[in-house]
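# Residue-level structural notes
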Amino acid sequence: MRDFDFVVIGSGAAGLSFALHVAPHGSVALITKRSLSDSNTAWAQGGIACVSSDEDNFDLHIRDTLECGAGLCNEEVVRSIITEGPSVIRQLIDMGLQFDLRWRDDGEREMDLGKEGGHSKRRILHVRDETGKAIIDTLINKVRSSPSIQIFEHHMAVDLLTTGKLGYAMQDSCVGVYVLNSLSGEVEVFRSDVIVLATGGCGKVYLYSTNPDIATGDGVAMAWRAGATIANMEFIQFHPTCLYHTEKKSFLISEAIRGEGGVLLDTKFRRFMHKYHPRGELAPRDIVARAIDAEMKRLGSKFVYLDISHRPSSFLKDRFPHIYETCLKLGMDITSQPIPVVPAAHYQCGGVKTDLHGETSLRGLFAIGECACTGLHGANRLASNSLLEALVMAKRASQKAIRRIRLRQNYSLPEWRHGQAVEPDELVVISHNWDEIRRLMWDYVGIVRTDKRLQRAATRLRNLHAEIQEFYWNFRITTDILELRNLVIVASLIVDCAIARKESRGLHFTMDYPEPNPKFLRETTMRRT
Ligand code: FAD
Ligand code: SIN
């Protein structure tokens, strides 16, 4: 058994920065299922929303966030995360991160602030169109040089150990976690009074997604199995502009392109966003994604176009080098051609419910970043608020976690038993079930929903769940089996939450109840009984 003061699961912005905050106070295990740099964070393009100019202020950022959240944000949480933004940005800069600057008319330099949908001001700090990579490189550099952080790459958390499960008659606390070493195939036990889920989102539950392969909702599934409260899983954000290309899956075309004047065109090269919202292309994301979906259905097209070719070529190459180069390699020159795009699953607004310090309903179990539901996003996330939330909540959670370890308790934890499990012999079952879940979620639980489709999805997922459980118990576990087992749980939570919300609000739009209903002005919560 390995024993640490803090166990952190996940190496995105949330996990890495939490590890750095607590490192001076005790030993830290940083567990991550692939390499340290595999995360959604590493793929982030647009940037971090944070008030940083004289033309902006906290109240405006708060107002934009609340408006986008469609009545379901927790205002106290919104205020605290937004007002703490500048301090976490300062920490990143002190670690060496250089956000893009621009020249002012008076010859001074200032932050070059981007604009995205739903924001009333320019407030997105960025590093060209690869902000996530710059953040990850900066944090990894620090983590690698910290003597108290032990890094476990290719280690996948399997299940949480709680006092309830172990039969202790006291408040249910999280005291450890089983972890699969995917290189050796052995399951190791990690013990700690502070276990932090920083496992990111669940984009891979959908057939089309902007997310990398790690995004399989593991943290939410583990927390649910352990009995923690899960909230608002119906609110899945679809990004309006994912590249439509047969060879390149999951490549985002940043909203910042629309912020710099990019326009959406149907396949007959006509603009259409003015029909849907006064802010046109810069309307909140749910509106843009639904508008594109409606236009594609209307014309029977497989994509729409995003066109920024009217801006100078030198500007585009300098501001969006990653998007420019990637498209060019695929034979598309964004400086002279429109880009074919489609909406794709992008962000999970719900997650493991936490308090203002990131602690879940299980004592000692924290959830930060995309896997958590703090109350910041409500029914729809404002663009570029998630990196801000991940960084601020990592800091806040570390403060409570440091207090927690002073009350250290000793429990002996059972070793993992493989039992009668044998090597899996029918791996086709895994890939088949995986494809089926992702397709049915896309077809039945997408941008526009109906009761009938949701019920169909629920029934099919129940059968798949039973099949996958059988597979899990009979065969030696692999990362593929574990991800599939998590995926089916997260899919079911999304469907169950969507069924429970008999109204349309924010990202949840159902044709059976097309209007918001004040009766549902509350979070949808789920807990395993
Ligand atoms: P992640 O960065 O996803 O990290 C999760 C980590 O957990 C990974 O290291 C993963 O391997 C690990 N993990 C998962 N399960 C397990 C397990 N069982 N065991 C061990 N390790 C595990 N947001 C913005 O604010 N601004 C943007 O510009 C922006 N652009 C985006 C662009 C793209 C293409 C995408 C996909 C997202 C974007 N987002 C953006 C959203 C934002 O990137 C994420 O919400 C944020 O990075 C999440 O950070 P995180 O630390 O919570 O999770
Ligand atoms: C983007 O660059 O469009 C992504 C921003 C975000 O998801 O917040």
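Everything below is about the structure shown above.
For every chain, the first residue of its written sequence is number 1, and the numbers climb from 1 along that sequence. Here the convention is simple: chains get letters from A, ligands get numbers from 1, in the order in which they are written. Local features in a predicted model are, by the rule used here, given only for residues with pLDDT of at least 70; side-chain atom pairs are given and counted only at 80 or more, and totals for whole chains, interfaces and linings are based on all residues. As a convention, hydrogens and water are excluded, and side-chain values are obtained from all of the structure's heavy atoms.

### Digging into the site of ligand 2
Note the threshold: For this purpose, a residue is taken to be near a molecule or strand whenever a single non-hydrogen atom of the residue falls within 4 Å of it. Polar contact criterion, stated in full: a pair of N or O atoms within 3.5 Å, where within protein one must be able to donate a hydrogen and the other to accept it, and residues adjacent in sequence count only if both atoms are side-chain atoms. Where accessible areas are quoted, they stem from the Shrake-Rupley method and a 1.4 Å probe; at the residue level, only the protein chains shown are allowed to cover. Each residue gets one label: Ala, Val, Leu, Ile, Met, Phe, Trp, Tyr, Cys and Pro are nonpolar, Asp, Glu, Lys and Arg are charged, and the others, such as Gly, are polar.
As a structural note, the neighbourhood of ligand 2 is formed by Gln 45, Gly 46, Glu 116, His 239, Leu 252, Ser 254, Glu 255, Arg 285, His 346, Arg 381, Ala 383 and Ser 384. In this structure, Gly 46 approaches ligand 2 through a main-chain N or O atom, which is 2.9 Å from an oxygen atom. Within the side chain of His 346, a nitrogen or oxygen atom sits 2.7 Å from an oxygen atom of ligand 2. Look at ligand 2: alone it shows 260 Å² of surface, and the protein chains cover 92% of it. Counted by class, the shell around ligand 2 contains two nonpolar, six polar and four charged residues.

### Details of the site of ligand 1
Our working definition: Per the convention used, a helix needs a DSSP run of H or I reaching at least four residues, while a strand needs a run of E reaching at least two, with both numbered from the N terminus.
Around ligand 1 sit 38 residues, and of these Asp 38, Thr 41, Gly 47, Glu 370 and Ser 386 come closest. Ser 11 places a polar main-chain atom, nitrogen or oxygen, 3.1 Å from an oxygen atom of ligand 1. In the model, an oxygen atom of ligand 1 is placed 3.0 Å from a nitrogen or oxygen of the Asn 40 main chain. For ligand 1, whose accessible area on its own is 1,000 Å², the fraction buried by protein is 99%. Among the elements of the structure, helix H1 (13-22), strand E9 (155-162), strand E17 (339-348) and helix H11 (385-404) are those that each provide at least two residues to the shell around ligand 1. Across the shell around ligand 1, the residue classes break down as 13 nonpolar, 20 polar and five charged.

### Regarding the sheet that holds strand E19 (residues 365-367)
Put simply, the rule reads: Pairs of strands are assigned from DSSP output, requiring at least two bridges between the strands. Between the N-to-C directions of two axes lies an angle of 0 to 180 degrees, each axis being a line fitted to C-alpha atoms and, for a helix, fitted only over the stretch in contact. Contact criterion: two residues are considered in contact whenever any of their non-hydrogen atoms come within 4.5 Å of each other.
The sheet built from five strands is open, its strands ordered E8-E3-E2-E12-E19 with parallel pairing. If you trace the sheet from one side to the other, it starts and ends with strand E8 (149-152) and E19, each paired once. Ignoring strand direction, the axes of neighbouring strands in this sheet form an average angle of 20°. With four bridges joining them, strand E2 (residues 6-9) and strand E3 (residues 28-31) adopt parallel strand pairing. Bridge pairing links Val 8 to Leu 30 in E3. The strands that H11 touches are E2 and E19; relative to E19, the one it contacts most, it runs at about 170°.

### A few points about the packing of helix H6 (residues 218-226) against helix H14 (residues 479-500)
Selection rule: Oblique is the label for every angle not falling under 35 degrees (roughly parallel), over 145 degrees (roughly antiparallel), or within 65 to 115 degrees (roughly perpendicular).
Interhelical geometry of H6 versus H14 gives an angle of 80° and a closest axis separation of 8 Å. Between H6 and H14, the crossing angle belongs to the class labelled roughly perpendicular. Between H6, through Asp 218, Val 220, Ala 221, Trp 224 and Arg 225, and H14, the contact on the second element is made entirely by Glu 483, Arg 485, Asn 486, Ile 489, Val 490 and Leu 493. Residue composition of the contact of H6 with H14, grouped by class: six nonpolar, one polar and four charged.

### Describing the side chain of Asp 307
Put simply, the rule is: We call a residue buried when its accessible area falls under 20% of the maximum for its residue type, exposed when it is over 50%, and partly exposed in between, using a 1.4 Å probe and counting protein chains only. When charges are counted, neither His nor the chain ends are considered; positive counts come from Lys and Arg and negative counts from Asp and Glu. Here, a salt bridge means any side-chain nitrogen of Lys or Arg that lies within 4 Å of a carboxyl oxygen of Asp or Glu.
With respect to the secondary-structure elements, Asp 307 resides in strand E16 (residues 304-307). Buried charged residue Asp 307 carries no salt bridge. Nearest counter-charge: Arg 271, at 9.1 Å. A distance of 2.7 Å separates a polar atom in the side chain of Asp 307 from a polar atom in the side chain of Ser 309.

### Some details on the environment of Phe 18
With respect to the helices and strands, Phe 18 occurs in helix H1. Residue class for Phe 18 comes out buried when judged on its relative accessible area of 0%.

### Focus: helix H3 (residues 75-94)
This is how it is decided: Multiplying 1.5 Å by the helix residue count minus one yields the expected span of that helix. One fitted axis covers the seven residues ending at a residue, a second covers the seven starting there, and the bend at that residue is the angle between these axes.
The terminal C-alpha atoms of H3 lie 30 Å apart, and with 20 residues this matches the ideal 28 Å at 1.5 Å per residue to within 8%. The sharpest bend along H3 reaches about 40° and sits at Gly 85, with the proline Pro 86 one to four residues further on. By the burial criterion, the buried members of H3 are Val 77, Val 78, Ser 80, Ile 81, Ile 82, Gly 85, Val 88, Ile 89 and Leu 92. The opening residue of H3 is Asn 74, an N-cap whose side-chain oxygen sits 3.0 Å from the backbone nitrogen of Glu 76. A positive phi of about 115° marks Gly 96, the residue just after H3.

### Topic: the side chain of Ser 80
Inspection of the secondary structure assignment puts Ser 80 in helix H3. Excluding residues within four positions of it along the chain, Ser 80 makes contact with Leu 356 and Arg 396.

### Concerning the pattern of salt bridges
Per the stated rule, a full pass over the model turns up 43 salt bridges. Between Glu 110 and Arg 104 there is a salt bridge, with the nearest N and O atoms lying 3.7 Å from each other. With relative accessibility at 24%, the residue Glu 110 sits in the partly exposed group. For Arg 104, a relative accessible area of 33% corresponds to the partly exposed category. As a salt-bridge pair, Arg 311 and Glu 260 come within 3.8 Å of each other at their nearest N and O atoms. Here Arg 311 is found in the loop between E16 and helix H9 (313-319), whereas its partner Glu 260 is found in the loop between helix H7 (256-259) and strand E15 (263-265), with 51 residues between them in sequence. Judged by its relative accessible area of 11%, Glu 260 is buried.

### Section: the pairing of strand E11 (residues 187-191)
A large share of E11 lies buried, amounting to five of its five residues. The alternating pattern of E11 places Val 187, Val 189 and Arg 191 and Glu 188 and Phe 190 on opposite faces, both of which are buried. Bridge count between strand E1 (residues 2-3) and E11: two bridges; the pairing is parallel. When the bridges of E11 are listed, Asp 3 appears paired with Arg 191. By the bridge criterion, five bridges tie strand E10 (residues 174-181) to E11 in an arrangement that is antiparallel. Residue pairing across strands places Tyr 178 opposite Val 189, the latter belonging to E11. Linking E10 back to E11 in an antiparallel pair, the connection comprises five residues, with Gly 185 at a positive phi of about 80°.

By themselves, these observations are geometric and do not establish any function.
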